[in-house]
Amino acid sequence: RWSRQVKREGGGSGSAWNTVAFVPTMGSLHAGHLSLVAEAKKRATHVVVSIYVNPSQFAPHEDFSEYPRHFDSDLRKLAPYQVDAIFVPKNLYARRGEAPAAALAATGPREDGGGGCGEGEGGAMAAAARKDPLVSCSTGSHQTWVRCVDLERPLCGQSRPHFFKGVATVVTKLFHIVEPDVAVFGRKDFQQLRVIETMVAELDFSIDVVGVPIAREEDGLAMSSRNALLSPGDRARATCIHGALCDLRDQVLLKAKAAAAEVGEGERGALDAGEAKRVIAGKIAAGGGRVDYVSVIDPTDLSDIEGDLVAFRRRQCRGAEAAGLEIQGSGSGSGSRPGAVLVAVAAFFNSVRLIDNLLIEP
């Protein structure tokens with residue numbers, strides 16, 4: 001396998017082993033994806049990017065066929081990063097011998113020690129992938145699935161119960177094929193990141209999972225491949241999601257500061273999680289969105305926070321201090337400071353479903 005080969009080539013007396021960082025994507029790349037690639041290059045000697053629109057995470061009524069696919073554009077965007085391989089599976093659900101599993105588009109280490117995916121590089125495999133890079137396929141008779149039972153239920157799992165079964169299964173397949181040392185994901189899909197972290201820990205993968213902060217447009221909208229499906233009007237209206245999240249963050253921090261200063265009870269007042277959710281939902285609805293969910297949760301286990309958010313933060317911080325835990329900044333995965341609150345949203349603008357979240361830390 002390619003991954004094993006490049007790792008062996010880095011071995012030897014007195015030399016460091018080569019390592020592989022992996023960035024799985026569904027293509028239609030934007031600056032957020034490219035920030036993952038940039039982080040991957042910091043973490044390993046070689047980088048693999050996959051492009052695969054995974055059918056098992058789409059329900060029959062969802063937008064699998066409409067999901068944006070821009071393979072040539074993706075190659076051009078990746079070219080400056082000189083990744084070592086672009087993995088383009090054809091059908092990850094065909095049994096061995098039934099159909100070609102994949103094409104490896106472009107790259108591989110060059111004789112000069114570099115790698116790249118610029119125009120003209122990659123030879124026949126890149127050309128083949130360009131002709132048919134993403135084949136619409138079903139999961140056929142596939143019977144083996146990976147589940148992360150508790151973490152897949154809340155948030156997106158409420159309206160998309162099929163989703164994380166598909167995500168966990170395809171990521172497991174990709175991990176087995178690519179055999180990375182590091183895997184890089186964005187924190188916009190926070191629940192997905194927690195599912196993958198848990199799966200890696202409980203299935204004993206020797207992989208470091210790295211979470212990268214959300215990349216945003218200048219007006220605050222979280223970058224997403226689905227943004228390209230928004231009409232100009234819906235694109236402008238969708239900024240209300242981030243605005244509502246920021247308003248709550250400002251309220252929480254203001255109340256927490258007042259509580260710490262022990263000012264008058266009127267200024268300190270409780271900030272109820274349920275009321276916060278209703279306010280955010282109202283702002284998104286007023287902005288033209290149709291809310292799927294608004295959740296205020298503990299980022300460690302995705303459980304709902306009830307009651308006063310400021311009191312929750314205070315209890316968590318005191319508990320961490322009593323346990324001798326260091327209260328520090330967010331970790332490289334989904335890790336956060338004790339007392340952090342995650343506000344997560346999914347909303348439709350016409351038929352386009354967008355997700356976003358904001359981590360409010362002490």
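Keep in mind that what you see is a predicted model, and the values were worked out from it rather than measured. (Residues numbered from 1 in each chain as written. Predicted model: local features only at pLDDT ≥ 70, side-chain atom pairs only at ≥ 80, totals over all residues. Heavy atoms only, no water.)

1. Brief notes about helix 6 (residues 163-178)
Basically, it comes down to this: Strands here are runs of E lasting at least two residues and helices are runs of H or I lasting at least four, both read from the DSSP assignment and numbered beginning at the N terminus. Take the residue count of a helix, subtract one, and multiply by 1.5 Å to get its expected span. Think of it in three bands: with a 1.4 Å probe and only protein chains considered, a residue is buried below 20% of the maximum accessible area for its type, exposed above 50%, and partly exposed in between.
The end-to-end C-alpha distance of helix 6, which contains 16 residues, comes to 22 Å, matching closely the 22 Å that a straight helix rising 1.5 Å per residue would cover. Of all 16 residues in helix 6, 12 are buried, a share of seventy percent or more. What helix 6 keeps buried is the set Phe-163, Phe-164, Gly-166, Val-167, Ala-168, Thr-169, Val-170, Val-171, Thr-172, Leu-174, Phe-175 and Val-178.

2. Looking at the nonpolar core
In a soluble, globular protein the nonpolar side chains are often hidden away together inside. What counts is decided by this rule: Side-chain atoms within 4.5 Å link the members of a nonpolar core, which is a set of buried Ala, Val, Leu, Ile, Met, Phe, Trp, Tyr and Cys residues. Boundaries between domains were set according to an automatic or database domain assignment.
By size, the foremost hydrophobic cluster in this structure holds 41 residues, and its most contacted members are Val-171, Phe-175, Phe-185 and Ile-196. Those elements that place two or more of their residues in this core are strand 1 (20-25), strand 3 (85-89), helix 6, strand 5 (182-186), helix 7 (190-202), strand 7 (290-297) and strand 8 (341-349). Top contributing element to this core by residue count: helix 6, with nine residues. Taken domain by domain, the makeup of this core includes at least three residues from each of domain 1 (2-97 + 136-212) and domain 2 (227-360).

3. Some points on the packing of aromatic side chains
Definition in use: Centre distance within 6.5 Å is the pairing criterion for rings of Phe, Tyr and Trp, where only the six-membered ring of Trp is used; planes under 30 degrees apart are then read as stacked, over 60 as edge-to-face, and the remainder as tilted.
Inspection of the entire model under this criterion finds six aromatic pairs. With centroids separated by 6.4 Å and ring planes inclined at 70°, the aromatic side chains of Phe-22 and Phe-175 adopt a geometry described as edge-to-face. Here Phe-22, found in strand 1, pairs with Phe-175, found in helix 6; they are 153 residues apart in sequence, far enough to count as distant. Judged by relative accessible area, Phe-175 falls into the buried class, the value being 2%. Seen in terms of ring centroids, Phe-163 and Phe-164 are 4.7 Å apart; in terms of plane orientation they differ by 80°. Their pairing is edge-to-face. Each member of the pair, Phe-163 as well as Phe-164, is classed as buried. Here the aromatic residues Phe-22, Phe-175 and Phe-205 are joined through ring pairs into a cluster of three or more.

4. A word on the environment of Ser-336
Its place among the elements puts Ser-336 in the loop between helix 12 (309-322) and strand 8. Remark: the alpha-carbon pair of Ser-336 and Ile-360, spanning 24 residues in sequence, is separated by 9.2 Å.

5. Description of unusual backbone geometry
Of note in the backbone geometry, Gln-82 takes a positive phi value of approximately 45° without being a glycine. Tracing the backbone through its elements, the reader meets Gln-82 in the loop between helix 3 (71-78) and strand 3. Here the phi dihedral of Asp-204 falls at roughly 60°; this positive angle occurs in a residue that is not glycine. Within the secondary structure layout, Asp-204 lies in the loop between helix 7 and strand 6 (208-212). A relative accessible area of 65% means that Asp-204 is categorised as exposed.

6. Thoughts on the confidence of the model for the protein chain
For clarity, the threshold we go by: Every residue gets a pLDDT, meaning the predictor's confidence in that residue, from 0 to 100. Any two residues whose heavy atoms approach within 4.5 Å are treated as being in contact.
Overall, the predicted model of the protein chain reaches an average pLDDT of 84, with 79% of residues at or above 70. This model gives residues 108-137 a pLDDT under 50, and the stretch forms 63 contacts once residues within four places in sequence are excluded. Below pLDDT 50 for its whole length, residues 327-331 participates in 14 contacts with residues either more than four positions away or in separate chains.

7. Some thoughts on the sheet that holds strand 7
What counts here: One requirement defines pairing of two strands: DSSP has to find at least two bridges between them. In this analysis an axis means a line fitted to C-alpha atoms, helices contributing only their contacting stretch, and an angle means the value between N-to-C directions, from 0 to 180 degrees.
Read from one edge of the open sheet, three strands run 7-8-9, paired in antiparallel fashion. Each end of this open sheet is capped by a strand with a single partner; those strands are strand 7 and strand 9 (352-360). On average, adjacent strands in this sheet sit at an angle of 10° to one another, irrespective of strand direction. Where strand 7 lies against strand 8, seven bridges are found, and the strand directions are antiparallel. Counterpart to Val-296 in the pairing with strand 8 is Val-343. Together, strand 8 and strand 9 form the strand contacts of helix 9 (residues 240-261), whose direction differs from that of strand 9 by roughly 20°. Running at roughly 150° to strand 7, helix 11 (residues 273-286) makes contact with strand 7 and strand 8 of the sheet.

8. Describing the packing of helix 6 against helix 7
As a reminder, the rule being used: Each angle receives one of four descriptions, namely roughly parallel if under 35 degrees, roughly antiparallel if over 145, roughly perpendicular if within 65 to 115, and oblique otherwise. By the definition used in this description, the sense in which the near helix is turned from the far one sets the handedness, with an anticlockwise turn below a right angle giving left-handed and a clockwise turn giving right-handed.
Between helix 6 and helix 7, the shortest axis-to-axis distance is 10 Å and the interhelical angle comes to 50°. By the criterion of interaxial angle, the relationship of helix 6 to helix 7 is oblique. Taken as a pair, helix 6 and helix 7 cross one another with a handedness that is right-handed. Contact with helix 6, carried on its side by Phe-163, Phe-164, Val-167, Ala-168, Val-171, Thr-172 and Phe-175, involves Gln-191, Gln-192, Val-195, Ile-196, Met-199 and Val-200 of helix 7 and no other residues of that element.

9. Looking at the environment of Pro-154
Position of Pro-154 relative to the elements: it lies in the loop between helix 4 (123-131) and helix 5 (156-159). Measuring from C-alpha to C-alpha, the distance between Pro-154 and Ser-303 comes to 8.0 Å, with 149 residues separating the pair along the chain. What Pro-154 contacts, discounting residues up to four positions off in sequence, is Gln-191 and Leu-302.

10. Quick notes on the pairing of strand 3
With five of five residues buried, strand 3 is to be regarded as a mostly interior element. Because side chains alternate across strand 3, one face comprises the buried residues Ala-85, Phe-87 and Pro-89, and the other comprises Ile-86 and Val-88, equally buried. Here three bridges tie strand 2 (residues 46-51) to strand 3, and the two strands are oriented parallel to one another. When the sheet's bridge partners are listed, Val-49 is paired in strand 3 with Ile-86.

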